[in-house]
Amino acid sequence: MENVAVCASGVFLGRGYLAFHQTQSSKESPSSLLPPPLLTPAGNLEAKVCPKGSGGGMSMERLRGLLQTAQLSPRPSQSIYRRVEGPHQGHLVEEEDREEGAELPARFCPMELKGPESLGSRPGLQNLIPWAAAGRKAAPYLVLTALLIFTGAFLLGYVAFRGSCQACGDSVLVVSEDGNSELGLDSHRGTLYWSDLQAMFLRLLGEERLEEAIRQTSFRERMAGSAGMASLAQDTLALMSRQKLDHVWADTHYVGLQFPDRAHPNALHWVDEDGMVGEQLPLEDPDAYCPYSATGNVTGKLVYAHYGRPEDLQELRARGVELAGCLLLVRVGMTSFAQKVATAQHAGALGVLLYPDPADFSQDPHKPGLSSQQAVFGHVHLGTGDPYTPGFPSFNQTQFPPVASSGLPSIPAQPISADIASHLLRTLKGPVAPQEWQGHLSASLYRLGPGPGLHLAVNNHRTSTPISNIFGCIEGFAEPDHYVVIGAQRDAWGPGAAKSAVGTAILLELVQTFSSMVSNGFRPRRSLLFISWDGGDFGSVGSTEWLEGYLSVLHLKAVVYVSLDNAVLGDDKFHAKTSPLLINLIESILKQVDSPNHSGQTLYEQVVFTNPSWEAEVIQPLPMDSSAYSFTAFAGVPAVEFSFLEDGQEYPFLHTKEDTYENLHRMLRGRLPAVAQAVAQLAGQLLIRLSHDHLLPLDFGRYGDVVLRHIGHLNEYSGDLKARGLTLQWVYSARGDYIRAAEKLRKEIYSSEESDERLMRMYNVRIMRVEFYFLSQYVSPADSPFRHIFLGHGDHTLGALLDHLRLLRPEGSRVSKVPGLSFQESRFRRQLALLTWTLQGAANALSGDVWNIDNNF
């Protein structure tokens, strides 16, 4: 019968190992014995079949008992056996590593060592066995050491790789130069980091195309609603359609615009002492007018009011000059036309005349100056968009409530030239104007007035006008429903070289550049949206109507808006009018762009050379006359508008018929292409970072600093409030909650993995909506469209609260924008509640889910 081998644990091993003697009827020869016993890999006892007559006979029942015993009593340690001579010959005795007191199972048969060689006769085996035992003991330590080395090297490599890619974000595809291949995300040949992506953008950006586009655009008529504007809109649409964009379309609105009445032009007449209208003063630029001025005829005496700011009118009152019932003569600059007219209206004036004073422009004889016969164009609606459909988009056939914007003035306004203003100033009597009010017109001294009577007739008429916004889109591959938006005004009153030709040229150049980048394999994570706006000269009508039409979508999807309007008005200084969220990103981009007029310097180095505090030198709040303003103050989307300016002087030709390509080129002494290129580089690299980085590079903690600065002003009145039993503690607490929520989110982001797409998207949604959180949810968008508590207008804003607090002191009442007001406790409590709960809501939203919100407030 064949021998059957079983290991000590009860597992069959095959022939030649542990054998149990079974009674056989035939004799077995010694040659039938199996090879010598060995240790199994598991260290279990192995033996071989015992021959008949060795005393080890065993029945099948005993075999089953042996198996059960072996299974129930496993040997935890290995044993090594040696051959024993003498009475126990043929048996193995445990030599080492045997547990004290342990006995071999009773049912094991005696074992006999047989085979070709004995243990002692095998060369080297006696030396090998101790080494094997030592190796088995050292093996766990060797494995542990190898694991530690591998883990350390892996972590070191991971940290180094992640640090090197922190700024570049995700990789993009690199394909052949011909750009014909369409590759998926996993089929790319390599990765493209920030430096590679930046180099690709700069290589494809064309300076020559920029200059030619500025020239050609400035030569075309493009007044909103004109045939020339319609032609330019079609050309812009066709150019975008030829690019590698995913979507191109136009959006048409029917808006109410004001134009001069050619049959009844606006006029200005002298009025004699008897009140009779006399000689007409010739308006040398009859096409110049103020859109949205009140129409009608007014008569009153003339008063010189400097820039028409609230402090200027307060100075006039302090000097005994009566404003009610007068016409005010004010200089262009410092504030918008709309703000000047609104301030005059609050003061009781009947009308406003606006003129450009040479003192406000460069006196450099080598630079061109504005002709003294030119008037300056500007709308006077204190707001943005179509003032006849406030809060509603002006789509065709839309039903609107019968209301008009509260920002429309009730008094007429008319621009006049410097020559006409000089003639009027010579007729003024009264006290001499302060020295800082003196200008550079031919009159020897400016007087405050009043002067002779004037009759102003404004006959502008309203017309329903179609305007067209043109759109082009590159879809993002990871977050296509999040849009990075860049836009430029296309229309202009007059040539508009600086006003809109530069911005339009840069926008179209960026469209072509990013289209070429797409052909070279670039695909942004988020969608890029390029927009050419219409109706900008009438108060950002095109952009505001689009926001009103899609507000419910855009506040959830628009990441940032970048405006290219008024981008090149000089080359000496650089300003960025922006939301606080973008300040750190702007600083980073400035360090990447070369200065257009300081060789070997970046724009950042140029700025800090003048002022070590680059932020104080460059960063400004968004003004209402910027197209970017509505995005932030109305829609809650962070926005920025870049501008290169002359040092200390304004560009003299803006909003005039002399805003030509030639004058702009002469003003910049031939550096127009280089400065426009610098703006394009700034805007383009900003777009790349915003559309490409895994995590949106918006500094959501910045608003904590903004609140702190405003609290510093509020603290000046804490004593006055305490005397009345009032406090600002709620504002302090809400600010503290916002700071803590921002810090908590920052720590969460720092400890998370960039490769976790779901987590990154969740963080990005919270970050991109921070600006929206500062729109007050407690006021109606129809009544107060600019709901932003820091940038907006209305009683819900921090600025309104501060103005109200000034009324606690006598000097505050004297400089109030609305004379006769006094401090009201009920109004203060309402303002404080509106401000505090908006700020607290921002802190809660930044905290994330409701179960993460600190309820201790």
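Residues numbered from 1 in each chain as written. Predicted model: local features only at pLDDT ≥ 70, side-chain atom pairs only at ≥ 80, totals over all residues. Heavy atoms only, no water.

J.: Would you explain the overall build of the chain in this entry?
T.: A count of helical and extended segments in the chain gives 25 helices and 18 strands. When burial is assessed residue by residue, the chain has 53% of its 857 residues classed as buried. Expressed as a percentage of contacts within the chain between residues at least 6 apart in sequence, the contacts between residues at least 24 apart total 77%. Approximately 38,100 Å² of the chain is accessible, and the part contributed by carbon and sulfur atoms is 54%. (Helix = DSSP H or I, 4+ residues; strand = E, 2+ residues; numbered from the N terminus. Buried < 20%, exposed > 50% of the residue type's maximum accessible area, 1.4 Å probe, protein only. Contact = heavy atoms within 4.5 Å. Areas by Shrake-Rupley, 256 points an atom, 1.4 Å probe, with all protein chains shown as cover.)

J.: What exactly am I supposed to notice about the pattern of salt bridges here?
T.: Tallied over the full model, the rule gives 31 salt bridges. Between Arg 490 and Asp 534 there is a salt bridge, with its nearest N and O atoms 3.7 Å apart. One end of the pair, Arg 490, is in the loop between β12 (479–489) and α9 (497–519); the other, Asp 534, is in the loop between β13 (526–533) and α10 (541–549), with 44 residues separating them in the sequence. Across this residue pair, the class does not change: Arg 490 and Asp 534 are buried. (Salt bridge = Lys/Arg side-chain N within 4 Å of Asp/Glu carboxyl O.)

J.: Hey, could you run me through the nonpolar core in this one?
T.: Ranked by size, the top nonpolar core spans 124 residues in total, and within it Leu 510, Phe 514 and Phe 530 carry the most contacts. Dropping the residues within four chain positions of it, Leu 510 is found in contact with Phe 201, Leu 205, Ile 486, Phe 530, Leu 564, Ala 680, Ala 683 and Gly 684. With 48 residues, the next largest nonpolar core counts Ala 347, Leu 353, Ile 416 and Leu 448 among its residues. (Core = buried A, V, L, I, M, F, W, Y, C linked by side-chain atoms within 4.5 Å.)

J.: Quick question: what am I supposed to make of the packing of aromatic side chains here?
T.: Centre distance and the angle of the planes are the two values used to describe a pair of aromatic rings. Evaluation of the coordinates by the stated rule reveals 30 aromatic pairs. Here Tyr 304 and Tyr 446 contribute two aromatic rings whose centre-to-centre distance is 5.4 Å and whose plane-to-plane angle is 85°, an arrangement assigned as edge-to-face. Highlighted residues: Tyr 304 in strand β6 (residues 296–304) and Tyr 446 in the loop between α8 (418–425) and β10 (453–458), separated in sequence by 142 residues. For the pair shown, Tyr 304 and Tyr 446 are each scored as buried. These aromatic residues form a ring-pair network of at least three members: Trp 249, Phe 471, Trp 533, Trp 546, Tyr 550, Tyr 561 and Phe 631. Above the ring of Tyr 388, the side-chain terminus of Arg 462 is found at 3.9 Å from the ring centroid. (Phe/Tyr/Trp six-rings, centres within 6.5 Å; stacked < 30°, edge-to-face > 60°. Lys NZ or Arg CZ within 6 Å of the ring centre and 35° of its normal.)

J.: Looking at this structure, I do not really get the confidence of the model for the chain. What am I missing?
T.: In low-pLDDT regions, the fine details of the predicted coordinates are not to be read closely. A residue-level look at the chain finds 77% of positions with pLDDT of 70 or above and a mean pLDDT of 81. The low-confidence segment residues 69–128, where pLDDT is below 50, has 87 contacts with residues more than four positions distant or belonging to other chains. A low-confidence stretch, residues 162–189 (pLDDT under 50), is modelled with 57 contacts involving residues beyond four sequence positions or located in other chains. (pLDDT = per-residue confidence, 0-100.)

J.: Looking at this model, I keep getting lost on the pairing of strand β18 (residues 639–645). Mind explaining?
T.: Two faces, one strand: in a regular strand the side chains alternate between the faces of the sheet. With seven of its seven residues buried, β18 lies for the most part within the structure. Neither face of β18 is open: one carries Ala 639, Glu 641, Ser 643 and Leu 645, the other Val 640, Phe 642 and Phe 644, and all of them are buried. For strand β14 (residues 558–563) and β18, the ladder comprises three bridges, and the chain directions are parallel. From the neighbouring strand, Ser 563 faces β18, where its bridge partner is Glu 641. Direction of pairing for strand β15 (residues 568–569) relative to β18: parallel, over a ladder of two bridges. When the sheet's bridge partners are listed, Val 568 is paired in β18 with Phe 644. Pairing geometry for strand β16 (residues 573–578) and β18, over six bridges, is antiparallel. By the bridge assignment for β18, Phe 574 is matched with Phe 644. (Pairing = 2+ DSSP bridges.)

J.: Please explain helix α13 (residues 603–610) as it appears in this structure.
T.: Given 3.6 residues per turn, any residue in an α-helix points the same way as the ones three and four places further on. Those residues of α13 not exposed but buried are Leu 603, Tyr 604, Gln 606 and Val 607. Projected down its long axis, α13 shows its buried positions confined to an angular sector of 160°, all on one face. Where the residues of α13 are buried, they touch α12 (583–590), α14 (614–618), β18 and α17 (672–692). (Arc of directions from axis to C-beta.)

J.: Explain the environment of His 710 to me, please; I cannot follow it from the model alone.
T.: Looking at where His 710 falls in the secondary structure, it is placed in helix α18 (residues 702–714). Residue His 710 is classed as partly exposed on the basis of its relative accessible area, which comes to 24%. Through-space distance from the C-alpha of His 710 to that of Leu 802 is 8.7 Å; in sequence the pair is 92 residues apart. With residues near it in sequence (within four places) discarded, His 710 still touches Phe 790 and Leu 798.

J.: I tried to follow α8 on my own but got confused; where do I start?
T.: With six of its eight residues buried, α8 lies for the most part within the structure. All buried positions along α8 are accounted for by Ala 418, Ile 420, Ala 421, Ser 422, Leu 424 and Leu 425. Summarising the contacts, the buried residues of α8 are in contact with β4 (267–271), β5 (277–281), β6, β7 (326–331), β8 (351–355) and β10.

J.: Help me understand the packing of helix α4 (residues 207–218) against α9, please; the structure alone is not making it clear to me.
T.: The geometry of a pair of packed helices is captured by two quantities: the angle between their axes and the separation between those axes. α9 packs onto α4 with a crossing angle of 135° between their chain directions and a minimal axis gap of 8 Å. Judged by the inter-axis angle, α4 sits oblique to α9. Seen from above, α4 lies across α9 with right-handed handedness. Contacts between α4 and α9 involve Arg 209, Leu 210, Ala 213, Ile 214, Thr 217 and Ser 218 from the former and Ala 497, Ala 501, Val 502, Thr 504, Ala 505, Ile 506, Glu 509, Gln 512 and Thr 513 from the latter. Of the residues that constitute the contact of α4 with α9, the class distribution is eight nonpolar, five polar and two charged. (Axes fitted to C-alpha atoms, helices over the stretch in contact; angles between N-to-C directions. Parallel < 35°, antiparallel > 145°, perpendicular 65-115°, else oblique. Left-handed = near helix turned anticlockwise from the far one by under 90°. Nonpolar A, V, L, I, M, F, W, Y, C, P; charged D, E, K, R; others polar.)

J.: Explain the sheet that holds β6 here, please?
T.: Picture the strands of a sheet paired through backbone hydrogen bonds; they go either parallel or antiparallel. Pairing is mixed in the open sheet, where seven strands are placed in the order β5-β4-β10-β6-β7-β8-β9. The outermost strands of the open sheet, each flanked by one partner alone, are β5 and β9 (413–415). Taking the axes of each pair of neighbouring strands and ignoring which way they run, one obtains an average angle of 35° across the sheet. Relative to β9, β8 is paired through three bridges, and the arrangement is parallel. Paired with Leu 353 across the bridge in β9 is Gln 414.

J.: Could you clarify how one ought to interpret the pairing of β5 in this entry?
T.: As defined by bridge partners, β4 adjoins β5 across three bridges and the pair is classed as antiparallel. Within β5, the residue paired with Leu 268 across the bridge is Leu 281. Remark: five residues form the turn of the hairpin made by β4 and β5, two consecutive strands paired antiparallel; Gly 275 in that turn has positive phi of roughly 85°.

J.: What should I look at first to understand unusual backbone geometry in this one?
T.: Leave glycine aside and you will find that most residues have negative phi; peptide bonds, for their part, are mostly trans. In this structure, Pro 450 follows Gly 449 across a cis peptide bond, with omega equal to 5°. Tracing the backbone shows Pro 450 in the loop between α8 and β10. For His 306, which is not glycine, the phi torsion reads 55° and is therefore positive. Its location among the elements puts His 306 in the loop between β6 and α6 (310–318). We note that His 655 has phi near 65°; this positive angle belongs to a residue other than glycine. For His 655, the position within the fold is in the loop between β18 and α16 (661–667).

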